[in-house]
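So the chains spell out like this:
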Amino acid sequence: MQPSYNPGTDDVDYRRLSATLRRHLLPILGLSVLAGGGSYLLASRSTPVYYATGSIITQDAGSGAPLVPGLAQAPRLPQGAVAQALQSESVVQDVIRRIDASDLPAATKRALVQSLRGELAMNALTRLSVSTPGDEREGGVYQLYGRANDPETARVLTQAGLDALLRWDTNRVRNRYTSARTSLERQVTGLDERIASTNRLEAPTPAEREGLLAARAQTLQTIAQLEVLERSASGTLDLVSEPVRPSRPAAPRPTRSGLIAGLVTLLLGSGAALLLAAGRRRIYGELDLPRGSTPVLGRLPRLGARALRRGVVTATHSGALYDSAGFLRVNVLSQLPDVEGRARRVVISSADEGEGKSSVTAALAASLADEGARVLVVDADPAGVQRELWRPGAGTRSAPALKKDETPAARALSQDYVTLQTVSDHVDLLLPNPAARAGRAARAELDRAMNVLGADYDVILVDTPALLTTADAVSHATHADGLLLVVASGSAGRDVEEALSQATTAHVRVLGFVLNKLVGLNPGRQVPAQELSGARSGKVTSEAVTS
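Residues numbered from 1 in each chain as written. Predicted model: local features only at pLDDT ≥ 70, side-chain atom pairs only at ≥ 80, totals over all residues. Heavy atoms only, no water.

## Considerations on the pairing of strand S3 (residues 140–148)
- Both strand S1 (residues 50–58) and S3 contribute to a ladder of nine bridges, which runs antiparallel. Note on S3: the bridge partner recorded for Ile57 is Val141.
- The sheet contact formed by strand S2 (residues 128–131) and S3 spans four bridges and is antiparallel. Looking across to S3, one finds that Ser131 is bridged to Gln143. (Pairing = 2+ DSSP bridges. Helix = DSSP H or I, 4+ residues; strand = E, 2+ residues; numbered from the N terminus.)

## A short note on the packing of helix H4 (residues 89–100) against helix H5 (residues 106–121)
- Running from N to C, H4 and H5 cross one another at 175°; their axes reach a closest spacing of 10 Å. Here H4 lies roughly antiparallel to H5, going by the angle between them. For the pair H4 and H5, the contacting residues are Glu89, Val92, Gln93, Val95, Ile96, Ile99 and Asp100 in the first and Lys109, Leu112, Val113, Leu116, Arg117 and Leu120 in the second.
- Grouping the amino acids of the contact of H4 with H5 by side-chain chemistry returns eight nonpolar, one polar and four charged. (Axes fitted to C-alpha atoms, helices over the stretch in contact; angles between N-to-C directions. Parallel < 35°, antiparallel > 145°, perpendicular 65-115°, else oblique. Contact = heavy atoms within 4.5 Å. Nonpolar A, V, L, I, M, F, W, Y, C, P; charged D, E, K, R; others polar.)

## Let's talk about helix H7 (residues 206–231)
- The end-to-end C-alpha distance of H7 is 38 Å, a good match for the 38 Å that 26 residues give at a rise of 1.5 Å each.
- For H7, every residue scored as buried is listed here: Leu212, Thr219, Thr222, Ile223, Leu226, Leu229 and Glu230.
- Buried residues belonging to H7 abut helix H6 (151–195). (Expected span 1.5 Å × (residues − 1). Buried < 20%, exposed > 50% of the residue type's maximum accessible area, 1.4 Å probe, protein only.)

## Structural notes on a nonpolar patch on the surface
- On the surface, a cluster of nonpolar side chains totalling about 430 Å² of accessible area is made up of Leu25, Leu29, Leu263, Leu266 and Leu267.
- For the nonpolar patch, the elements supplying multiple residues, two or more each, are helix H2 (25–44) and helix H8 (254–279).
- With three residues, H8 is the single largest residue contributor to the nonpolar patch.
- Its location among the elements puts Leu25 in helix H2.
- Here Leu25 falls in the partly exposed class, since its relative accessible area comes to 41%. (Patch = residues over 30% accessible without salt bridge, like charges linked within 9 Å, V, L, I, M, F, W, Y side chains within 5 Å. Areas by Shrake-Rupley, 256 points an atom, 1.4 Å probe, with all protein chains shown as cover. Salt bridge = Lys/Arg side-chain N within 4 Å of Asp/Glu carboxyl O.)

## Thoughts on the sheet that holds strand S4 (residues 237–241)
- In spatial order, the strands read S2-S3-S1-S4; together these four strands make up an open sheet with antiparallel pairing. In this open sheet, the two edge strands, each paired with only one partner strand, are S2 and S4. Going from strand to strand, the sheet's axes swing by 30° on average, the running direction of each strand aside.
- Note: S1 against S4, four bridges, orientation antiparallel. Residue pairing for S4: Ile56 is matched across the bridge by Leu239.

## What to know about the sheet that holds strand S11 (residues 459–463)
- Taken in spatial order, the eight strands line up as S6-S14-S12-S7-S11-S8-S10-S9 in an open sheet, and their pairing is mixed. Looking at which strands have only one partner, the edges of the open sheet turn out to be strand S6 (296–301) and strand S9 (418–424). Pairs of neighbouring strands in the sheet enclose a mean axial angle of 20°, with direction left out of account.
- The pairing of S6 with strand S14 (residues 510–518) spans four bridges and is parallel. From the neighbouring strand, Gly298 faces S14, where its bridge partner is Val514.
- Sitting on the sheet, helix H12 (residues 357–370) is in contact with S6, strand S7 (344–350), strand S8 (375–379), strand S10 (427–432), S11, strand S12 (482–488) and S14, with an inclination near 165° to S11.
- Its contacts with the sheet put helix H17 (residues 493–505) on S12 and S14, and the angle it makes with S14 is roughly 155°.

## Things to note about H17
- Between its terminal C-alpha atoms H17 stretches 18 Å, which fits the 18 Å expected from 13 residues at 1.5 Å a residue.
- Buried within H17 are the following residues: Gly493, Val496, Ala499, Leu500 and Ala503. Mapping the buried residues of H17 onto a view down its axis gives an arc of 125°, with all of them on the same face. Turned more than 90 degrees off the buried face of H17, the exposed positions are Arg494 and Thr505.
- On its buried face, H17 sits against strand S5 (282–283), S12, strand S13 (491–492) and S14.
- One or two residues past the end of H17 sits His507, with phi positive at roughly 60°. (Arc of directions from axis to C-beta.)

## Thoughts on the confidence of the model for the chain
- Mean pLDDT for the chain: 81, with 80% of residues reaching 70 or above.
- Contacts for the low-pLDDT stretch residues 1–11, under 50 throughout, to residues beyond four places or in other chains number 42 contacts.
- Scored below 50 in pLDDT, residues 523–547 shows 88 contacts in the model against residues more than four places distant or in partner chains. (pLDDT = per-residue confidence, 0-100.)

## A word on the pattern of salt bridges
- The final tally for this structure, using the stated rule, is 15 salt bridges.
- Between Asp94 and Arg167 there is a salt bridge, with its nearest N and O atoms 3.9 Å apart. Of this pair, Asp94 sits in helix H4 while Arg167 is found in helix H6, placing the two residues 73 residues apart along the sequence.
- The structure contains a network of salt bridges with shared partners spanning Asp94, Arg97, Arg98 and Arg167.

## Looking at the packing of H4 against H6
- As a packed pair, H4 and H6 sit with axes 9 Å apart at the nearest point and diverge in direction by 130°. Between H4 and H6, the interaxial angle falls into the category oblique. Once H4 is placed against H6, the crossing between them reads as right-handed. Residue-level contacts link Val91, Asp94, Val95, Arg98 and Ile99 of H4 to Leu157, Ala160, Gly161, Asp163, Ala164, Leu165, Arg167 and Trp168 of H6.
- Considered class by class, the residues forming the contact of H4 with H6 number eight nonpolar, one polar and four charged. (Left-handed = near helix turned anticlockwise from the far one by under 90°.)

## Quick notes on the environment of Leu321
- Residue position: Leu321 is located in the loop between helix H10 (312–318) and helix H11 (322–335).
- Along the chain, Leu321 and Ala363 lie 42 residues apart, while their C-alpha atoms are 7.5 Å from each other.
- In this view, Leu321 contacts Leu300, Pro301, Leu303, Val312, Ala315, Thr316, Gly326 and Ala363; residues no more than four positions away in its chain are not counted.

## Side note on the environment of Gln218
- Relative to the elements of secondary structure, Gln218 occurs in helix H7.
- When the C-alpha atoms of Gln218 and Val188 are compared, they prove to be 9.7 Å apart, with 30 residues separating the residues in sequence.

## Considering the environment of Arg127
- Secondary-structure assignment places Arg127 in the loop between H5 and S2.
- According to the relative accessible area criterion, Arg127 is buried, its value standing at 13%.
- Between the C-alpha atom of Arg127 and that of Arg147, which follows or precedes it by 20 residues, the distance is 5.1 Å.
- Contacts of Arg127, omitting those with residues within four sequence positions, involve Leu112, Ser115, Leu116, Glu119, Tyr145, Gly146, Arg147, Ala148, Asn149 and Leu157.

As structure tokens, then:
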């Protein structure tokens, strides 16, 4: 029997995500610090870049009467005309001439001119750029930016760009007047030819001659006006502000570069860790376990910090593990054979270390003892944490140490290899001596001690190392009635499959799985172990992080 599990309703398992990020926190932070520090150093050693800014304004020439009859005033600039003009060869060459005439150092002028010519050849001018107003058709202010490696060069370059654009706009208007004047001069030439004609058929009459002379005089007057306008022509662009020397570089900014690089690395590293975790199948519930006939015999919740301080045994007697350990006890006993004259022996292990198998062993032993069963807990794990789990104050019921000569079976134990101690009512702990905790002789003596003591107990629980670390678990399991495989929430699915395969290869009877460190385990419908093994129902919503 087992409490049902509410899989939860959240689409995103935030606990699982946070646990994944915590596992990879140190390398992610390390890479972020390295990226930020490297970017800071590179930026601090980079050549500074300065931007100078100037502005010009464009306005409509107005809708009043033209200064010259028949000649419209200068048209407004079409949209994008200023930006295109800045990229034109005539404007760039004018900028180059003005830079050559400036007071900049010769080496600076050569480098800047060479850069401008190279950008002109590539049709990608980056030394100068212009920002356009929102609606150029209504006029507006253009900002011109000049980029250089020192403040004075940036100012001179921007000023040269402004002057070149103003001259381009002026020439645009002047060319209109020049074209009109040239056309009128051709008209005067034609009038002169007709007036001076001596051909009888083409010669004008006196009245026509008088009209031609009047037209000629009017045209000459218009030409004179155009010459004046041509000399004093001005465009639709006007200077608003001249550039000034920038006080500090626009780039590089080492602090900003370092922070951005560190933040980007942090985000990318976190994303990579989550993707890597998503690509590895993890066990979070029955549906994630390997398919087969192996049932799920127990599901133990993740203990909070307060319950952990009180101890696993206390939590089993009257705390968070009471119900879950009780269901585990019933299901385990249902899988064990009925034997006479000896204790039923169960090996408890896991695929990897840190999945809580020792805590599960202690919880199961405490639950069995509460029902009056005589339990022997065998600490066959070199890590040896059972003594700590059963220490006075961790929920154990203090009892005197068992003397080796109190029973015939106890007197038969080898004092060189094992120690037998009563740790609670109906619970004894069999420990290898520290000097002989590991090794073949110690394992053999533990097996012999369990055989000798078997008649004094109802159940023997053997806490072994993880299946994938040593062969001890399989070795003990071959002499036991079954193996209980503890799987913590978040365990790697591949490791669980490999541990199960090793046990099957050694012909070890696997009693079932115990899902440990579950989050969101709620009492509910009682589900038999047989149903759990078939349905694999439920889904864990978070990965536990405690033992």
